Amino acid sequence: MFFADMVANVLTSSVTELDAMEGLLSEDPGGWKCVYLTNEGCAWHLKPIVCEMFMCEHAKDALSKNDPLLMAQWNGLRKKEKQFTWPDRPVLFDELEEIFIKTGLDSPLMYFHKSPGLLRVKNNTPASHL
Ligand code: SF4
């Protein structure tokens, strides 16, 4: 997940929801299961974009075979996702990190400022897109 996912979630969550997430983190036993997965489902109010946009290959195959129109809509949503997460032009998620970095905050989730792959994309961005 991205740092901006956290920001968006905090801004849209109630104090009770945030307390519940903090409780899950402090009691995390580790292991393969996502720490935020509870018996009632995901503890995030606004799920990380990578979770919202995940579709397994089996589901994608079924969608493309059964309803090509829906597949086209799905591909349109993937393009929209890039408007937030693919920094070949200014993107909101990068800008949100920048705001918090300027206040002195640091997080390993600030991938737009730490991920070699995303930094490469940013550095290859033509000046006309900045
Ligand atoms: S949607 Fe994402 S954050 Fe929520 S439980 Fe599933 S993997 Fe974890």
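Attention here is on the structure that accompanies the text. (Residues numbered from 1 in each chain as written. Predicted model: local features only at pLDDT ≥ 70, side-chain atom pairs only at ≥ 80, totals over all residues. Heavy atoms only, no water.)

Let us now look at the pattern of salt bridges. Pairing is possible between side chains of opposite charge, provided their charged atoms come close. Applying the stated criterion to the full structure yields five salt bridges. One salt bridge connects D94 with K122, and the closest N-O pair in it is separated by 3.3 Å. In this pair, D94 sits in helix α6 (residues 92-102) while K122 sits in helix α8 (residues 116-123), placing the two residues 28 residues apart along the sequence. Between K114 and D106 there is a salt bridge; the shortest N-O distance is 2.9 Å. Taking the relative accessible area as the measure of exposure, K114 reaches 38% and is therefore partly exposed. (Salt bridge = Lys/Arg side-chain N within 4 Å of Asp/Glu carboxyl O. Helix = DSSP H or I, 4+ residues; strand = E, 2+ residues; numbered from the N terminus. Buried < 20%, exposed > 50% of the residue type's maximum accessible area, 1.4 Å probe, protein only.)

What follows covers the packing of helix α1 (residues 3-12) against α6. Contact geometry of α1 with α6 gives a least axis separation of 8 Å together with a crossing angle of 80°. For the element pair α1 / α6, the angle class is roughly perpendicular. Where α1 abuts α6, its residues F3, A4, D5 and V7 lie against F93, L96, E97 and F100. Grouping the constituent residues of the contact of α1 with α6 by class yields six nonpolar, no polar and two charged. (Axes fitted to C-alpha atoms, helices over the stretch in contact; angles between N-to-C directions. Parallel < 35°, antiparallel > 145°, perpendicular 65-115°, else oblique. Contact = heavy atoms within 4.5 Å. Nonpolar A, V, L, I, M, F, W, Y, C, P; charged D, E, K, R; others polar.)

The subject of this paragraph is the packing of aromatic side chains. Tallied over the full model, the rule gives six aromatic pairs. Between the aromatic rings of F2 and F112, the centroid separation amounts to 5.2 Å while the plane-to-plane angle is 25°, which identifies the pairing as stacked. Taken as a pair, F2 in the segment before α1 and F112 in helix α7 (residues 111-114) lie far apart in primary sequence, 110 residues in all. A relative accessible area of 0% means that F112 is categorised as buried. Members of the aromatic cluster, each reached through a chain of ring pairs, are F2, F84, F93, Y111 and F112. Above the ring of W86, the side-chain terminus of K82 is found at 5.6 Å from the ring centroid. (Phe/Tyr/Trp six-rings, centres within 6.5 Å; stacked < 30°, edge-to-face > 60°. Lys NZ or Arg CZ within 6 Å of the ring centre and 35° of its normal.)

Turning to the site of the ligand, a few remarks are in order. The local shell around the ligand consists of C34, Y36, L37, C42, W44, K47 and C51. Split into classes, the residues belonging to the shell around the ligand amount to six nonpolar, no polar and one charged. (Near = heavy atom within 4 Å.)

It is worth spelling out the nonpolar core at this point. Side chains of nonpolar character tend, in soluble globular proteins, to be buried together. Ranked by size, the top nonpolar core spans 17 residues in total, and within it F2, F3, I49, L63, W74, F93 and F112 carry the most contacts. Looking at which element gives the most residues to this core, the answer is α1, with three residues. Once residues lying within four places of it in the same chain are set aside, the contact partners of L63 are M55, P68, L70, M71 and W74. Listed in part, the five residues of the second largest apolar core include M21, V35, Y36 and A43. (Core = buried A, V, L, I, M, F, W, Y, C linked by side-chain atoms within 4.5 Å.)

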